[in-house]
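Fold and contact review
Here is what each chain is made of, one letter per residue.
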Amino acid sequence: MGKAEIFAAIRAALADVREPDPAADVAVPWEYGQATAVEDVVGLFAERVEDYKATVLRAASADAVGDLVAQALAEHGAGSVAVPAGVPEAWYAAAERAGVAIRRDDPPLTNAELNETAAVLTAAAVGWAETGTIALDHRADQGRRALTLVPDLHVCVIEAAQIVTDVPEAMARLQASLNDRQPITWISGPSATSDIELSRVEGVHGPRTLIVIVVG
Amino acid sequence: MTATDLGMPGSSRRTPAPPAGRLIDSPPFPVAAKQYLADSQLRANLHHATSTIRAKRARVTAELPNWEQLRLAGEAVKDRVARHLDYYLEELEQNLTANGAHVHWAADAAEANQIVVDLVRAKGVDEVVKVKSMVTQEIELNEALEAAGIAAWETDLAELIVQLGHDRPSHILVPAIHRNRAEVREIFLREMKLYGRAAPDSLDDEPRHLAAAARQHLRDKFLRAKVGISGANFMVAETGTLVVVESEGNGRMCLTLPETLISVTGIEKVIPTAADLEVFLQLLPRSSTGERMNPYTSMWSGVRPGDGPQEVHVVLVDNGRSRVLADPIGRKALRCIRCSACMNICPVYERVGGHAYGSVYPGPIGAILTPQLRGTAAAIDRSLPFASTLCGACAEVCPVRIPIPDLLVHLRHRVVDERKRSHLGLEQALMKGGGWVMASGPRFGLLERAGGLVQRVTGREAVGPLPWPASLWTRARDLPLPPEQTFRQWWRANRDPLCHPERSEGSLRDDEATTVTSVTSASAEAAAE
Ligand code: SF4
């Protein structure tokens, strides 16, 4: 009943609209999916991520990731790390040898278990330089959404080839994930608030520390 | 842990009681404005907050060489949606349903609240966690849930401050903008222990520590919540995807951890394609918090097996929007993406704060949206189109290019015409006259000089009411003595961008002339020429 009533009201309200094709009726002066002019995409990405008080580490090759992960976890005193099923073992083998408890999300960890887990280690779907943002599309190497939310430290590994210029280029890359109805999370630095006198505080409910490892 | 008995007689509330009375019964804007203008603490808090955020916005919008193109694109996409709203809503519903979400339609606030109450009851729970959402405030969902014995916990830091403070939001982005850190500390110490984990006794007023207290207080609630309630910043018709833009991670908690998610959104929040997000997710963060990007943006398309809520509802709310749509001029207000830039730059908002607007939508957008959504039966709603100086700053910053001053003038005429149709009284004639004068630079200029003359003759420090018809405007405002030069003369000589292009918008706003008089005359000119 609600719907019929609302649609009748909308249609009556739009009596002045004669052209039935939305695109023909109102043109949108915008070219979608364009790259912007950024010279050093990876360099700017690292700079902008750090603007949010996140940490960026550079791994010369995939082989170097494991040691950087172990080092990052050790530096933050993280004794346990949640890992989604699709994260390569090589990324956390060094940490495991150093005594960090590896908590695979298979079977899924409970909310309470996640709350007791210090860190989470994931890949990313895409990153972009202009705003220093990473996006997760929560496929197997990134895990379900709660994994990257409840633990207080997020270590995220992204390949240089996954980093693009700005939002439009990134959205174009994410289209396939949206078509697959994957949930998507954009992350720009650690959680933050400016709700008290507009003074920015990093770290509220989401992970208070974000470490991004750029490979290549 | 729940506060079933606060030791107050007759109190069996689950959540802190908001102030008594309904927003729609608020006094007319000039009356309320006069009261808030007298609150110097409020004005100091507001000035600090709005000037900080204005400067940030100006910086990050200047950073993008194609900012104007983005605004034009945002405007066009929103206009396309508004003119074909039935088409996109149909597509949205189909895709949401295909994605496993349940779609509900609510013609008004009462229907929407009933739907949500029934859904929560069906889950057999007596509490929900909430992400900040304007539409749930608009329909007063929290109170409807409270009346049904269900506690709705606000989880955004500012909303938490407002809720625990038995207060109302005064800003759409920073609802507790009117509170300073000392007040927040006091509220947390006094109230948190009544509704869950207490704030530590040692709590000081450092924002970092206040945020940590909120994290502690809410964590248990997040982890045990069975039902989350959200709004949505955007809904993508093409993919059946909802989008929530936030900073703290409380949104992600509510969208991800509960078993059931109920999203309540206005029907105008639909956009055609996922690609359109590339426009809005550039416009919104830079216009609202003045950041290149907000910390977290969540997108979800119905139910994802094994990830997040397995029962997903979307309640699509009209509540006056189709009425707004019926006015081809007024419908431009439906473009609004609730960024708050217009209120942050508004000289009137900065001085009186959000509460004077008697609506959950304060500032310039509230002045044009509220009377359209609610109609103009109430005194507050009839007064809102006049709650502006027509200075035009809001239209310049609006990321979707809503011509707010034009809409204000349009609604002023509508208010007057509606009243005239029932009976033509003196007040109506005055209102009409006020609109006529304010819409014209030369006419207002004359009037202003007349005011100055009166004053120089009488030797008073401040102008009392200006002569008719500006009396409608000056009734609640003491206007300082107009200088020898009127503001418009001064503006021409000093700040007219045509003569002084190097002056930035930011420099005008930050050290702008400090009287409402001055702004008023400038605005009249802006509207007229
Ligand atoms: S009217 Fe424009 S500036 Fe104001 S809140 Fe809406 S989108 Fe932002």
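As a starting point, this report considers the structure included with it.

Cut-offs applied
Residues numbered from 1 in each chain as written. Chains lettered and ligands numbered in written order. Predicted model: local features only at pLDDT ≥ 70, side-chain atom pairs only at ≥ 80, totals over all residues. Heavy atoms only, no water. Pairing = 2+ DSSP bridges. Helix = DSSP H or I, 4+ residues; strand = E, 2+ residues; numbered from the N terminus. Axes fitted to C-alpha atoms, helices over the stretch in contact; angles between N-to-C directions. Patch = residues over 30% accessible without salt bridge, like charges linked within 9 Å, V, L, I, M, F, W, Y side chains within 5 Å. Areas by Shrake-Rupley, 256 points an atom, 1.4 Å probe, with all protein chains shown as cover. Salt bridge = Lys/Arg side-chain N within 4 Å of Asp/Glu carboxyl O. Lys, Arg positive; Asp, Glu negative; His and termini not counted. Charge placed at Lys NZ, Arg CZ, Asp CG, Glu CD. Contact = heavy atoms within 4.5 Å. Buried area = accessible area lost by both parts, 1.4 Å probe. Nonpolar A, V, L, I, M, F, W, Y, C, P; charged D, E, K, R; others polar. Near = heavy atom within 4 Å. Polar contact = N/O pair within 3.5 Å; in protein donor to acceptor, adjacent residues only side chain to side chain. Parallel < 35°, antiparallel > 145°, perpendicular 65-115°, else oblique. Left-handed = near helix turned anticlockwise from the far one by under 90°. Phe/Tyr/Trp six-rings, centres within 6.5 Å; stacked < 30°, edge-to-face > 60°. Buried < 20%, exposed > 50% of the residue type's maximum accessible area, 1.4 Å probe, protein only.

1. Some points on the sheet that holds strand 8 (residues 163-164) of chain A
On the basis of which strands lie adjacent, the open sheet formed by eight strands has the order 8(A)-5(A)-6(A)-9(A)-9(B)-6(B)-5(B)-8(B) and mixed pairing. With one partner strand each, in any of the chains shown, strand 8 of chain A together with strand 8 (270-271) of chain B form the two edges of the open sheet. Where strand 5 (residues 126-128) of chain A meets strand 6 (residues 133-136) of chain A, three bridges bridge the pair, whose relative direction is antiparallel. Within the sheet, the bridge partner assigned to A:Val126 lies in strand 6 of chain A and is A:Ala135.

2. Describing the sheet that holds strand 3 (residues 151-154) of chain B
Residue and element names in this part refer to chain B. Here we have six strands laid out as an open sheet, ordered 1-10-7-4-2-3, and parallel in their pairing. Only two strands of the sheet have a single neighbouring strand rather than two, namely strand 1 (101-106) and strand 3. The sheet shows a mean angle of 25 degrees between the axes of neighbouring strands, direction not considered. As paired strands, strand 2 (residues 127-130) and strand 3 are joined by four bridges and run parallel to one another. Across the sheet, the residue bridging to Val 128 is Ala 152, located in strand 3.

3. Side note on a negative patch on the surface
Together, A:Glu39, A:Asp40, A:Glu47 and A:Glu50 make up a negatively charged patch on the protein surface. With respect to the helices and strands, the residue A:Asp40 is situated in the loop between helix 2 (22-25) and helix 3 (41-51).

4. So, the interface of chain A and chain B
On the side of chain B, 98 residues touch chain A, which itself brings 79 residues to the contact. Here chain A and chain B share an interface that buries about 7400 Å² over both sides, 58% of which is from carbon and sulfur atoms. Between chain A and chain B we count 10 salt bridges in total. Of the residues forming the side of chain A that touches chain B, the biggest block, nine residues, is contributed by helix 1 (residues 2-13) of chain A. Residues of the side of chain A that touches chain B, tallied by class, amount to 37 nonpolar, 20 polar and 22 charged. Sheet topology note: the strand 9 (residues 184-187) of chain A/strand 9 (residues 296-300) of chain B ladder contains four bridges and is antiparallel. What sits directly across from A:Thr185, in strand 9 of chain B, is B:Ser298.

5. Comments concerning the site of the ligand
The local shell around the ligand consists of B:Cys336, B:Ile337, B:Arg338, B:Cys339, B:Ser340, B:Cys342, B:Ile365, B:Cys398, B:Pro399, B:Val400, B:Ile402 and B:Ile404. Of the residues assigned to the shell around the ligand, the class counts are 10 nonpolar, one polar and one charged.

6. Some points on the environment of B:Trp105
As for its placement among the helices and strands, B:Trp105 is situated in strand 1. Between the C-alpha atoms of B:Trp105 and B:Val317, which are 212 residues apart in sequence, the distance is 6.2 Å. Sequence-distant contacts of B:Trp105, that is, excluding residues within four places in its chain, are made with A:Gly2, A:Lys3, A:Ile6, A:Phe7, B:Leu89, B:Glu93, B:Glu111, B:Ile115, B:Ile267 and B:Leu316. Polar side-chain contacts of B:Trp105 include one of 2.9 Å to the side chain of B:Glu93.

7. Section: the packing of helix 4 (residues 65-75) of chain A against helix 5 (residues 89-97) of chain A
Residues and elements named next belong to chain A. Remark: helix 4 packs on helix 5, axes separated minimally by 7 Å, with the N-to-C direction vectors making an angle of 45 degrees. Classified by the interaxial angle, the pair formed by helix 4 and helix 5 is oblique. Pair helix 4 / helix 5 crosses with right-handed handedness. Two secondary-structure elements touch here, helix 4 through Val 65, Gly 66, Asp 67, Val 69, Ala 70 and Leu 73 and helix 5 through Ala 90, Trp 91, Ala 94 and Ala 95. Residues of the contact of helix 4 with helix 5, tallied by class, amount to eight nonpolar, one polar and one charged.

8. Notes on the packing of aromatic side chains
Residue and element names in this part refer to chain B. The final tally for this structure, using the stated rule, is seven aromatic pairs over all chains. Seen from their ring centres, Phe 29 and Tyr 357 are 4.8 Å apart, and the 55 degrees between their planes marks the pair as tilted. Of this pair, Phe 29 sits in helix 1 (residues 29-37) while Tyr 357 sits in the loop between helix 15 (347-352) and helix 16 (363-374), placing them 328 residues apart in sequence. In terms of burial, Phe 29 and Tyr 357 fall into one category: buried. Ring-pair connections join several aromatic residues into one group, and the members of that group are Phe 29, Tyr 349 and Tyr 357.

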